[in-house]
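# Coordinate inspection notes
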Amino acid sequence: MRFKFLLTVGTLLAGLLTAPIGASAQKVKSVPFSYLPESSEDRYNQRVTRKMLPLSGGGFVILAHKSATQYAVERYDAELKQLWTAAVPVAAGESVEAFGHGTEQAFVVIHHKEEASQNLSAVLVDLRNGQKAAPKKLIDASARDRRPGVAVSPDGSKLVAFRYLTRDVQIRAISATVYDQKLTKLKDRTYDFHDLGDFFSPTVHIGNDGAQYVALISDQMKKLTVRRYLNDKPETKVMSVAVGGSFGGKSVAVFDAKFGLQPNNTLYAAAICTERETGQYYSLKVVKFDFAGEGDMKFAPEFRFTPEYLAEVNKAGQTSAKRLEDVYLSELLLTGEKQLVVIAEKKYEEGGDDSPVHARELHVFGYNEFQSPTWHSIIAKDQVAPPAESFTGIGFRAAVFGPEVQILTQEKINGKSDLYVRRVNIQTGVVAPAKGLGLSVANDQNLAYVKDFTGWLDAKTIIGVSRPSKKSAALMLNKIVVK
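Note that this is a predicted model, so its numbers are computed, not measured.

Broken down by element type, the protein chain carries one helix and 36 strands. Compactness check: the protein chain gives a C-alpha radius of gyration of 22 Å against a globular reference of 23 Å for 483 residues, within 12% of the reference. Considered along the principal axes of its C-alpha atoms, the protein chain spans approximately 60 × 60 × 45 Å. Out of the 483 residues in the protein chain, the part that is buried amounts to 56%. Considering only contacts in the protein chain between residues 6 or more positions apart, those separated by 24 or more positions represent 50%. Surface exposure of the protein chain reaches about 20500 Å², of which carbon and sulfur atoms provide 49%. Measuring between centres, the 61 positive side-chain charges of the protein chain sit 3 Å from its 53 negative side-chain charges.

On the basis of which strands lie adjacent, the open sheet formed by four strands has the order β15-β16-β17-β18 and antiparallel pairing. Sheet topology places β15 (199-206) and β18 (236-242) at the edges, where each strand pairs with a single neighbour. Looking at each pair of strands side by side, their axes are set apart by 15 degrees on average, direction ignored. In terms of strand pairing, strand β17 (residues 223-229) meets β18 through seven bridges, oriented antiparallel. Residue pairing in the sheet places K223 in a bridge with A242 of β18.

Okay, the sheet that holds strand β13 (residues 170-180) next. Read across the open sheet, the four strands follow the order β11-β12-β13-β14; overall the sheet is antiparallel. With partners counted over all chains shown, the strands left at the sheet margins are β11 (149-152) and β14 (185-192), one partner each. Taking the axes of each pair of neighbouring strands and ignoring which way they run, one obtains an average angle of 20 degrees across the sheet. Across seven bridges, β13 lies against β14 in antiparallel orientation. Considered in β14, the bridge of A176 is made with R189.

Three or more residues of helix α1 (residues 307-317) are buried, namely Y309, L310, V313, N314 and A316. Mapping the buried residues of α1 onto a view down its axis gives an arc of 165 degrees, with all of them on the same face. Set apart from the buried face of α1 by more than 90 degrees, the exposed residues are P307, E308 and K315. Phi turns positive one or two residues past the end of α1, at Q318, with a value near 55 degrees.

Within the secondary structure, P54 is located in strand β3 (residues 52-54). Judged by its relative accessible area of 35%, P54 is partly exposed. Along the sequence, P54 and Y76 sit 22 residues apart, while their C-alpha atoms lie 9.7 Å from each other. If we ignore the near neighbours within four places in the chain, the residues touching P54 are G59, F60, H101, W456 and L457.

Turning our attention to the nonpolar core. The biggest cluster of nonpolar side chains holds 27 residues, and the ones touching the most others in it are L284, F305 and V342. At the level of elements, β21 (266-275), β22 (281-290), α1, β25 (327-334), β26 (340-349), β27 (357-367) and β28 (373-380) are the ones that each hand at least two residues to this core. Counting residues per element, this core draws most heavily on β25, at five residues. Setting aside chain neighbours within four positions, we find V342 in contact with A270, L284, V286, L329, E331, L332, H363, V364, F365 and Y367. With 25 residues, the next largest nonpolar core counts F259, A269, A271 and Y282 among its residues.

Here we take up the pattern of salt bridges. For the structure on display, the rule yields 18 salt bridges. In this structure, the salt-bridge partner of E74 is K66, at a minimum N-O distance of 2.8 Å. Between R422 and E411 there is a salt bridge whose closest N-O contact spans 3.6 Å. Taken together, the residues span a long stretch of sequence, with R422 in strand β32 (residues 416-425) and E411 in strand β31 (residues 404-413) at a distance of 11 residues.

Before going further, it helps to examine unusual backbone geometry. Backbone geometry places Q318, a non-glycine residue, at a positive phi of 55 degrees. Locating Q318 in the fold gives a position in the loop between α1 and β25. Unlike most non-glycine residues, S440 shows phi in positive territory, near 50 degrees. Classification of S440 as partly exposed rests on a relative accessible area of 39%.

Tallied over the entire structure, the rule returns 17 aromatic pairs. Taking the centre distance of 5.4 Å and the plane angle of 85 degrees together, the rings of Y35 and F453 count as edge-to-face. Residue Y35 is found in the loop between β2 (25-33) and β3, and its partner F453 is found in strand β34 (residues 449-458); the two are separated by 418 residues along the sequence. For the ring pair F60 and Y76, a centre distance of 5.3 Å and an interplane angle of 10 degrees mean the geometry is stacked. With F60 in strand β4 (residues 60-67) and Y76 in strand β5 (residues 70-76), this residue pair connects regions lying 16 residues apart in the sequence. Across the pair, Y76 and F60 agree in class, each one buried. A cation sits over an aromatic face here: R146 above Y164, 5.9 Å from the ring centre. Its end group placed over the ring of Y282, R304 keeps NZ or CZ at 4.0 Å from the ring centre.

Our next topic: the side chain of H363. Mapped onto the elements, H363 comes out in strand β27. For H363, a relative accessible area of 2% puts it in the buried group. Of the polar contacts made by the side chain of H363, one reaches the side chain of E361; its length is 2.9 Å. Ignoring any residue separated from it by four or fewer positions in sequence, one finds H363 in contact with Y309, V313, L324, V327, V342, I343, A344 and S377.

Reading guide: rules and limits
- Residues numbered from 1 in each chain as written.
- Predicted model: local features only at pLDDT ≥ 70, side-chain atom pairs only at ≥ 80, totals over all residues.
- Heavy atoms only, no water.
- Helix = DSSP H or I, 4+ residues; strand = E, 2+ residues; numbered from the N terminus.
- Rg over C-alpha atoms; globule rule 2.2 N^0.38 Å.
- Buried < 20%, exposed > 50% of the residue type's maximum accessible area, 1.4 Å probe, protein only.
- Contact = heavy atoms within 4.5 Å.
- Areas by Shrake-Rupley, 256 points an atom, 1.4 Å probe, with all protein chains shown as cover.
- Lys, Arg positive; Asp, Glu negative; His and termini not counted.
- Charge placed at Lys NZ, Arg CZ, Asp CG, Glu CD.
- Pairing = 2+ DSSP bridges.
- Axes fitted to C-alpha atoms, helices over the stretch in contact; angles between N-to-C directions.
- Arc of directions from axis to C-beta.
- Core = buried A, V, L, I, M, F, W, Y, C linked by side-chain atoms within 4.5 Å.
- Salt bridge = Lys/Arg side-chain N within 4 Å of Asp/Glu carboxyl O.
- Phe/Tyr/Trp six-rings, centres within 6.5 Å; stacked < 30°, edge-to-face > 60°.
- Lys NZ or Arg CZ within 6 Å of the ring centre and 35° of its normal.
- Polar contact = N/O pair within 3.5 Å; in protein donor to acceptor, adjacent residues only side chain to side chain.

Structure, rendered in structure tokens:
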């Protein structure tokens, strides 16, 4: 279940580590970049958090916000040469719901709302030449209904658009339509939940083969449940596991949960559980739902949030917190050897809509291929942003490359404002000292870094958008090759 925070982060020092060492990267190239900051009714829940997507054929595509009424899909090669740009109008009453790509097209999904109705439509853009197709409507809903949603498969080849069917506020079913990457309709499907009773936070996922998975929290916030729907069979396969309940006289329930569908249709879930009466953090629980064959469910041993763990957190961040608070799940990362890394982050606002927002320490947990917890690390940091910027600049990006996880953040460390990379050894959990990328990111109250455009082309090549100094008003699109 996702509360009102969007995924974010940054980094500082990890517990026992020393101060970050000097720049270890060479800025290969920078070009001017045009970007209008997003405005949203809910600044914590961006619809599109990744606006730079690498392409397997080389280079990347970007979703750029050009003006109040226009976005653009832009393709760049690996040397930051713009190959084409395709304007995508977004009128009053519209907003971008999703951005992605398959093997042949990029797509932008747009939410449109009028007085009596709302809908989702998609615009396809040819990756070869930037030619744009006419918008195609994906799904309709009443203006009184919840906002419809969309999910995309890991490889971008399938898409499912869905709307919620409710009674007395409670969701009773979801009506969905499945499309291929050319927006050809494959299947209409209804996910019926009348047999479930109470449940919360349903999230829809779709596999590369078009199978759909609805993940939710049921049984008074005690169970994680996943339902699989196939396009060629009417029956539904259900897997459910209790992660809450009564333990040692304490009533424990799910506080936050995150699900991640892998390309092989294995779905991993992580849940932070808290004590109902006190709100104290109780444990982290991880489950693997494998729907291959007869289906199998693997429940990892829980990780308890003990007083000793709180002491580790305080030592890493040089803080004196009396309890864990405001820690939310951010990433589920799986290696080629089926090792899982779970990252949670502390994030909060000082109070009220006009107050600064903070992103603090990262809680990183490693599991081996047999799903046994093997290590944990705490990466301390202290990031703050003005309310208008919220979490678009502070926060983190993470990616798996071979035996390590790379974590990238924008911070001011030892007086230097820069982008920093930390490497986490997946076998041991050891966190290497932060290494600056040498971008000299501006450190003032104006927009200096946009995390949405940060990502890796490969293990040593990073793309990012930043402003180099207080004297400069212009954002730059940067390619950095790490030594």
